[in-house]
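# Examination of the molecular architecture
Spelled out, the chains give:
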Amino acid sequence: MESPTASTTAPNTDGVPDTSRALPAEASVVIIGAGVMGAAIAYHLAERGVRDIVIVERDTPGAGSTSKAAGGVRCQFSDEVNIALAARGLEVLRNFETDFGVDIELVSNGYLFLLDNDDDVRAFTDNVALQQRMGLDSRMLTIAEVAELAPFVNTEGLIAGAFNPGDGHCTPEAVVAGFVTAARERGVTVVKNCEVTGFDTDEGTDRRATSVITNQGTISCEQVVVAAGAWSGPIGDMAGVDLPVKPLRREIMVSEPVDFDTSRMPFTIDFSTSYYVHPEGAGLLFGCPDEVDDWSFNDKRDPNWLATLAEHIEARTPELGDVEAKHGWAGLYAMTPDHNALIGEAEERPGFFYACGFSGHGFLMGPAVGEVVADLMTGRTPFVDVAPMDKRRFSTTGLRKELNVI
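Fair warning: this is a prediction, and the values are worked out from it, not measured in the lab.

## Details of the overall build of the chain
When helices and strands are counted, the chain shows nine helices and 19 strands. Rg of the C-alpha trace for the chain: 21 Å, near the compact-globule value of 22 Å for 406 residues, within the 12% margin. Over its C-alpha atoms, taken along the principal directions, the chain stretches across nearly 65 × 45 × 40 Å. For the chain, the proportion of its 406 residues judged to be buried stands at 57%. Restricting to contacts in the chain with at least 6 residues of sequence separation, those with at least 24 account for 77%. Roughly 16100 Å² of accessible area belongs to the chain as shown, and the carbon and sulfur atoms make up 46% of that amount. Separation of charge centres in the chain, based on 31 positive and 61 negative side chains, amounts to 6 Å.

Shown next as structure tokens:
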């Protein structure tokens, strides 16, 4: 694999119009974070008739983890709540251009998981059965079927595959642009370069966060939503709310255009190593973990990572070893102890909501979670019961492990 000679920065967010406004003195709702999660929540709140919604974003809309995501959208999960959220999110994305007027370049070539041990095969067999009961077209594949579907894969050591033809990938920045624009058209104010530095709270019987303090001033509010991805933990701490979210760095490389047909190539994941590849425009997008996990807010590229990626390419997809790297970037997963999201209202701060900790699958669930959180905040019943995702599970029912994490 050739080393990159061009840009090593993340995709830009030029598709998002300049939505910056002065920070209002008050709002009904302040949403912290203008990635897909915060933008979708704002849009759905506005759709439900909520007024005076303000999004505060420390950078620009979509500039955090959303713009650095691989763009994968899938329904292959092990948890019923995750499957329901992913299926609804994918439904929204399939209709996104019609509903929001934005082409998100959705490619539905499916997700292919490559499995190399009996334990994973048993787990995925159970997961596929659950997905099928929930109406999805997931199925287990033999090695012969894997080879036919993905001839670029070295099947040595593999014993099965799992595939859903409806899964795929799209452009994260375009999704954010669509939600932000639609939210703004409905009266939502988006304030960029606005970093939260603290909260004013009522320490009496009410215990609410009464205002959000930022580097641009203080805004009083009735409700707060933390949708700040990997930065949600420290923001929760400022309000005395424990959000057990930690950052984990992941890197991505996009190749120069390739000289072979990728039009039917699925998003392919070597599950035991978390190495993956999918078509990206005229080239390919590759990803894999660092050789040693970096649990920090460091989103700079590791100069040794390309060598690690090259080893994975050679081992599992050697036919792709001659691609030339074009550019790449690093971003942050927002990880929780059980790799499941945190969705709910803080018991210690009434009116303080959170939607974070999606552990690498926040982008694909964002469109659905926006709907769910808006329902919770306005007293409606969501299409799926997300009570199991409340952060209190860690002190009551215990970990709710999601197995299908890349």
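## Some thoughts on the pattern of salt bridges
Under the defined criterion, the tally for this structure stands at 19 salt bridges. Its salt-bridge partner being Arg 186, residue Glu 47 comes within 2.7 Å of it at the nearest N-O pair. Here Arg 186 lies in the loop between helix H6 (172-185) and strand S8 (189-191) and Glu 47 lies in helix H1 (residues 36-47), a separation of 139 residues in the sequence. Linked through salt bridges whose partners overlap, the residues forming this network are Glu 347, Glu 348, Asp 390, Lys 391 and Arg 392.

## Comments concerning the sheet that holds strand S17 (residues 325-335)
Strand order in this open sheet of eight strands is S5-S6-S4-S14-S15-S16-S13-S17, and the pairing throughout is mixed. The open sheet has two edge strands, strand S5 (139-141) and S17, and neither has a second partner. Averaged over all adjacent pairs, the angle separating strand axes in this sheet is 20 degrees, with direction ignored. The sheet contact formed by strand S13 (residues 246-255) and S17 spans ten bridges and is antiparallel. Counted as the bridge partner of Arg 250 is Gly 331 from S17.

## Some remarks on the pairing of strand S10 (residues 209-214)
In the case of a regular strand, side chains alternate between the two sheet surfaces. As defined by bridge partners, strand S9 (residues 196-201) adjoins S10 across five bridges and the pair is classed as antiparallel. Looking across to S10, one finds that Thr 201 is bridged to Ala 209. Bridging between S10 and strand S11 (residues 217-220) involves four bridges; their strand directions are antiparallel. By the bridge assignment for S11, Val 212 is matched with Ile 219. Where S10 folds back onto S11 in an antiparallel hairpin, the turn is made up of two residues.

## Things to note about the side chain of Ser 359
Relative to the elements of secondary structure, Ser 359 occurs in the loop between strand S19 (352-356) and helix H9 (362-377). For Ser 359, the side chain forms a polar contact with the main-chain nitrogen of Thr 336, separated by 3.3 Å. If near-sequence neighbours (up to four positions away) are discounted, Ser 359 is found in contact with Tyr 333, Ala 334, Met 335, Thr 336, His 339, Asn 340 and Val 405.

## Details of the packing of helix H2 (residues 80-94) against H9
With their axes 7 Å apart at the nearest point, H2 and H9 run at an angle of 100 degrees to one another. Between H2 and H9, the angle is such that the two are roughly perpendicular. Residue-level inspection shows Asn 82, Leu 85, Ala 86, Arg 88, Gly 89, Val 92 and Leu 93 of H2 in contact with H9, the latter providing Leu 364, Met 365, Pro 367, Ala 368, Val 369, Glu 371 and Val 372. The residue inventory of the contact of H2 with H9, partitioned by class, reads ten nonpolar, two polar and two charged.

## Here we look at the packing of H1 against H6
Between H1 and H6, the shortest axis-to-axis distance is 8 Å and the interhelical angle comes to 30 degrees. What the angle tells us is that H1 and H6 run roughly parallel. Considering only the axes of H1 and H6, their crossing is left-handed. Along the contact surface, H1 presents Val 36, Ala 39, Ala 40, Ala 42 and Tyr 43, while H6 presents Val 175, Val 176, Phe 179, Val 180, Ala 182 and Ala 183. In the contact of H1 with H6, the residues fall into eleven nonpolar, no polar and no charged.

## Looking at the UniProt feature "domain: FAD dependent oxidoreductase" (unreviewed entry) in the chain
UniProt tags residues 29-376 as "domain: FAD dependent oxidoreductase" (unreviewed entry). End C-alpha atoms of residues 29-376 are separated by 13 Å, and the span's content is 30% helix alongside 27% strand.

## Notes on the environment of Arg 88
Within the fold, Arg 88 resides in helix H2. Judged by relative accessible area, Arg 88 falls into the partly exposed class, the value being 23%. Taking the C-alpha atoms as reference, Arg 88 lies 9.8 Å from Gly 366; in sequence the two are 278 residues apart. Dropping the residues within four chain positions of it, Arg 88 is found in contact with Ala 368, Glu 371 and Phe 383.

## Some words on helix H4 (residues 118-133)
For H4, which comprises 16 residues, the first-to-last C-alpha distance of 23 Å matches the rise-based estimate of 22 Å (1.5 Å per residue) to within 8%. Among the residues making up H4, those that are buried are Asp 120, Val 121, Phe 124, Asn 127, Val 128, Leu 130 and Gln 131. Those residues of H4 that are buried lie in contact with H2, strand S4 (111-115), S5 and strand S6 (160-164). Two to three positions downstream of the cap, the backbone nitrogen of Asp 119 sits 3.2 Å from a side-chain oxygen, assigning the N-cap of H4 to Asn 117.

## What about a negative patch on the surface?
Taken together, the side chains of Glu 97, Asp 103, Glu 105 and Glu 280 define an acidic patch exposed on the protein surface. Here Asp 103 lies in the loop between helix H3 (96-100) and S4.

## Observations regarding the packing of aromatic side chains
What the rule picks out here adds up to 13 aromatic pairs. Summarising the aromatic geometry, the rings of Phe 96 and Phe 179 are spaced 5.4 Å apart at their centres and angled 75 degrees between planes, so their arrangement reads as edge-to-face. Note that Phe 96 is positioned in helix H3 and Phe 179 in helix H6, a separation of 83 residues in sequence. Of the two residues, Phe 96 and Phe 179, neither departs from the other in class, the shared state being buried. One aromatic cluster in this structure is built from Tyr 111, Phe 113, Phe 124, Phe 267, Phe 271 and Tyr 276.

Cut-off values and rules
Residues numbered from 1 in each chain as written. Predicted model: local features only at pLDDT ≥ 70, side-chain atom pairs only at ≥ 80, totals over all residues. Heavy atoms only, no water. Helix = DSSP H or I, 4+ residues; strand = E, 2+ residues; numbered from the N terminus. Rg over C-alpha atoms; globule rule 2.2 N^0.38 Å. Buried < 20%, exposed > 50% of the residue type's maximum accessible area, 1.4 Å probe, protein only. Contact = heavy atoms within 4.5 Å. Areas by Shrake-Rupley, 256 points an atom, 1.4 Å probe, with all protein chains shown as cover. Lys, Arg positive; Asp, Glu negative; His and termini not counted. Charge placed at Lys NZ, Arg CZ, Asp CG, Glu CD. Salt bridge = Lys/Arg side-chain N within 4 Å of Asp/Glu carboxyl O. Pairing = 2+ DSSP bridges. Axes fitted to C-alpha atoms, helices over the stretch in contact; angles between N-to-C directions. Polar contact = N/O pair within 3.5 Å; in protein donor to acceptor, adjacent residues only side chain to side chain. Parallel < 35°, antiparallel > 145°, perpendicular 65-115°, else oblique. Nonpolar A, V, L, I, M, F, W, Y, C, P; charged D, E, K, R; others polar. Left-handed = near helix turned anticlockwise from the far one by under 90°. UniProt positions renumbered as here; feature names shortened; annotations may be inferred. Expected span 1.5 Å × (residues − 1). Patch = residues over 30% accessible without salt bridge, like charges linked within 9 Å, V, L, I, M, F, W, Y side chains within 5 Å. Phe/Tyr/Trp six-rings, centres within 6.5 Å; stacked < 30°, edge-to-face > 60°.

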